[in-house]
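Residue-level structural notes
Spelled out, the chains give:
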Amino acid sequence: MGRLLRSVLTGVTLVTLAAAQSPALAGASADPAPAGSAPVGSAPMDALRADDAVPAFRRGTNVTWFAFPATDVRAGRTVYASAPYAAPDITEPARLKTLGFDHVRLPMDFGPLLENDRHGRDKLLDDVEQAVRRYRTEGLGVIITLMAPGLNGALPDAFLDGVHGPQFRRYRALARHIARRLDGLPAGPPVALELMNEPQQACRAQTRTDWTVHQRALVETLRKDGRTLPLLLTGGCWSTIKGLVRLDGSLFRDRRNLVSAHFYDPFVFTHQGSTWTLPFLAEVRGVPYPAASGRVEDTLARTEAAFAATSRWQPAERDRQHAAAEKAIRWYFTAATDRATIDKAFDRLKAWQTRNDIRPAQIVFTEFGAMRPEGATAGDDASRARWLRDVATAIADNGWGWTLWLLASPPFGLEDMERADCPAAALIQAIGLTVPASCQPVSKR
């Protein structure tokens, strides 16, 4: 989602949306895993902890201090600010631990690191490392996720110019430097490095070197360097299950290599009101979860009202987008999306996991969430709570770990509608966490 927030998928059609969401299409033609090859790196390490049936990263949240660097305009060009990364709240680690999280994921836009000299780069990494230490002091594990620079709308493709390409060599050198620093941290809660956030829109690249080739080269390099820290690996298709099941399962014979998955299905529900994905979703409102908890007529009426009120498009384009929205909404209700739909989507990942002898603890859903659109009602939040509960429970039932996107940042945050400094009780409890004492209602006597 970090990548989706910085890119606009204007070329994706309604058919693509339906294919991504439809229970029938989602499991119709799972590609077989590539033929096995020798494990990458050194001999497998069997455990991140004593019992590797338990995920080292069981339930966590994304924290975006380093994900969206500050920028300035100089000589007509947008550049990174001299202090690009936000200063983390030093009280946050203790609060997250109290809520019941056991880890955080820190997506980090590495553009400022590449644009600095060695001294400037190491100073920025000192700040990141200090944040990592604070989380670990509170007993939280940490996943550092490399995020390709989003400055001026750039995409990860710019760094995937072949394993011998100049941009990939820069990125690989930086990954080696970061891995060396993380690997040198003292013993404590686990620290892992995720090699790239949502690296590729296509499930498999057709006209250039595929992400998976770059990823294998990165793993080989880091393991040959003697790095022992866990590495999170992912696939194309924005790190969704559809892309993950195309990965070479032999990579995960080394038990230090983990799977990073993202889940935002059904997209018309989780991204209703979004302005950065499919254009018509900007005005979609009132999509309930499960579908049976609402009425298609009510959703169509709220969506029609949003289209009538918007000045986003010229009339002809507005009518076209409205028609696309209505088609997607009617499909959603026809598909009758519910917990069984989520389980079916996960069945595909489970089959790939079993086929490749990957342990449940090696799989982490590093992003999942559903946004609160503008004008949301209490009923909309009730739907979000039901979806969050079903997804988190389905993940846990499979023995996998999860990392929420996000805890306290609109539009995906779980903030209370009346008290932005508190999580909404229904939402936080839906994922099995604890409402802070300071946010609990005081009994009247």
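Below, the structure is looked at part by part.

How each quantity is defined
- Residues numbered from 1 in each chain as written.
- Predicted model: local features only at pLDDT ≥ 70, side-chain atom pairs only at ≥ 80, totals over all residues.
- Heavy atoms only, no water.
- Salt bridge = Lys/Arg side-chain N within 4 Å of Asp/Glu carboxyl O.
- Helix = DSSP H or I, 4+ residues; strand = E, 2+ residues; numbered from the N terminus.
- Buried < 20%, exposed > 50% of the residue type's maximum accessible area, 1.4 Å probe, protein only.
- 1 Å grid on protein atoms, 1.4 Å probe; cavity = no way out; pocket = protein on both sides within 12 Å on 5 of 7 lines; lining within 4 Å.
- Points joined across faces, edges and corners; volume = space filled by probe spheres on them.
- Nonpolar A, V, L, I, M, F, W, Y, C, P; charged D, E, K, R; others polar.
- Disulfide = S-S within 2.5 Å.

Further remarks concern the pattern of salt bridges. Scanning all chains against the criterion turns up 28 salt bridges. Close ionic contact of glutamate 194 with arginine 105 constitutes a salt bridge, the shortest N to O distance being 2.9 Å. Here glutamate 194, found in strand β6 (residues 191-194), pairs with arginine 105, found in strand β4 (residues 103-109); they are 89 residues apart in sequence, far enough to count as distant. Residue arginine 181 pairs with glutamate 129 through a salt bridge whose shortest N-O separation is 3.0 Å. You can see arginine 181 sitting in helix α6 (residues 166-183) and its partner glutamate 129 sitting in helix α5 (residues 118-137), a full 52 residues away along the chain. The burial state of arginine 181 is the same as that of glutamate 129; both residues are buried. A single network of salt bridges, built from pairs that share partners, joins Arg121, Asp122, Asp126, Glu129, Arg133 and Arg181.

This part is about the layout of surface pockets. The volume enclosed by the second largest pocket comes to roughly 530 Å³. Looking at the lining of the second largest pocket, the elements with two or more residues in it are β1 (59-62) and α3 (92-99). Considering each element in turn, the lining of the second largest pocket owes the most residues, five residues, to α3.

So, on to empty space enclosed by the protein. Summed over the entire model, instances satisfying the criterion amount to four cavities of 30 Å³ or more. The calculated volume of the second largest cavity comes to roughly 70 Å³. Every residue lining the second largest cavity is listed: Met108, Leu125, Val128, Glu129, Ile144, Ile178, Arg181 and Leu182. Only α5 and α6 provide two or more residues apiece to the lining of the second largest cavity. Here the residues of the lining of the second largest cavity are counted per class, giving six nonpolar, no polar and two charged.

Turning our attention to the state of the cysteines. Counting across every chain of the model gives two disulfides. Here cysteine 203 engages in a disulfide with cysteine 237; their sulfurs sit 1.5 Å apart. On the sign convention where negative is left-handed, the bridge of cysteine 203 and cysteine 237, at about -95° about the S-S bond, is left-handed. Of this pair, cysteine 203 sits in the loop between β6 and α7 (211-224) while cysteine 237 sits in helix α8 (residues 236-239); the two residues are 34 residues apart in sequence, bridging distant segments of the chain. Look at cysteine 203 and you get buried, because its relative accessible area is 16%. Among the residues examined, cysteine 237 registers a relative accessible area of 9% and is labelled buried. Here cysteine 422 is linked by a disulfide to cysteine 439, with a sulfur-sulfur distance of 2.0 Å. Here the disulfide of cysteine 422 and cysteine 439 is left-handed, its torsion about the S-S bond being about -85°. Of this pair, cysteine 422 sits in the loop between β10 (401-404) and α15 (425-430) while cysteine 439 sits in the segment after α15, and the two are 17 residues apart along the sequence. Just as cysteine 422 is buried, cysteine 439 falls in that class too. Among the cysteines of the protein chain that take part in disulfides, numbered as they appear in the sequence, the pairing is 1-2, 3-4.

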